[in-house]
Amino acid sequence: MANVKIGYGAGLWIADDTDELTEIAEVISIALPNPQQNDVVATHFKSPGRSNEYVAGLIDQGEVSFGINYIAGSASDMLINDALEAGEPRDVVVAIPAGASFQYFEFSAIIKGYEKEIPIDDRQTATITMRVNGAVTQSSTNPVTP
């Protein structure tokens, strides 16, 4: 039997300007951080075979995005707008189903973009893009206080 899980029950929280985590309403998709290790050129005049050499560099956690059902003027809309305008890193927590419990991803991020789509015959949605700022921690311990 496959151990595949669906995303139903996942959640995403962003800190407001007082550092209180607030759950974003009606999230429909979440892309998790995508760590990529930078490579640093270590080539020198006598590198074997005239070939480039590299050493491991810093890890870049990249950008993440999430989609929501866009509700203009809602608490989530205001929080995202405020974070975008502030231009400062905010704490973010993502909870994803993992069997009978959840896995939590915690990181700091800067809101980079807030793209809204208003179709004529479908739901209004928005995609929020964030730049991860620093390390990401993953655990099974719930960091969000109810």
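Fair warning: this is a prediction, and the values are worked out from it, not measured in the lab.

Turning our attention to the pairing of strand E4 (residues 36-41). E4 sits mainly on the outside: zero of its six residues count as buried. Note: E4 against strand E5 (residues 54-60), five bridges, orientation antiparallel. Bridging across to E5, Gln37 finds its partner in Ile59.

Once that is clear, we can look at the nonpolar core. Among the nonpolar cores identified, the biggest contains 21 residues, and Ile14, Ile24, Phe66, Ile68, Phe107, Ile128 and Met130 are the most heavily contacted of them. For this core, the elements supplying multiple residues, two or more each, are strand E1 (11-15), strand E6 (63-69), helix H1 (75-86), strand E7 (90-98), strand E8 (101-117) and strand E9 (125-132). With five residues, the top contributor of residues to this core is E8. When residues no more than four places from it in sequence are discounted, the contact partners of Ile24 are Leu12, Ile14, Phe66, Ile68, Ser76, Leu79 and Ile80. In this structure, Trp13, Ala95, Tyr104 and Val144 belong to the second largest nonpolar core, which totals five residues.

Further remarks concern a negative patch on the surface. A surface patch of negative charge is lined by Asp17, Asp19, Asp82, Glu85 and Asp91. If you trace the backbone, Glu85 turns up in helix H1. Given a relative accessible area of 66%, Glu85 falls into the exposed group.

Basis of the calculations
- Residues numbered from 1 in each chain as written.
- Predicted model: local features only at pLDDT ≥ 70, side-chain atom pairs only at ≥ 80, totals over all residues.
- Heavy atoms only, no water.
- Buried < 20%, exposed > 50% of the residue type's maximum accessible area, 1.4 Å probe, protein only.
- Helix = DSSP H or I, 4+ residues; strand = E, 2+ residues; numbered from the N terminus.
- Pairing = 2+ DSSP bridges.
- Core = buried A, V, L, I, M, F, W, Y, C linked by side-chain atoms within 4.5 Å.
- Contact = heavy atoms within 4.5 Å.
- Patch = residues over 30% accessible without salt bridge, like charges linked within 9 Å, V, L, I, M, F, W, Y side chains within 5 Å.
- Areas by Shrake-Rupley, 256 points an atom, 1.4 Å probe, with all protein chains shown as cover.
- Salt bridge = Lys/Arg side-chain N within 4 Å of Asp/Glu carboxyl O.
- Lys, Arg positive; Asp, Glu negative; His and termini not counted.
- Charge placed at Lys NZ, Arg CZ, Asp CG, Glu CD.

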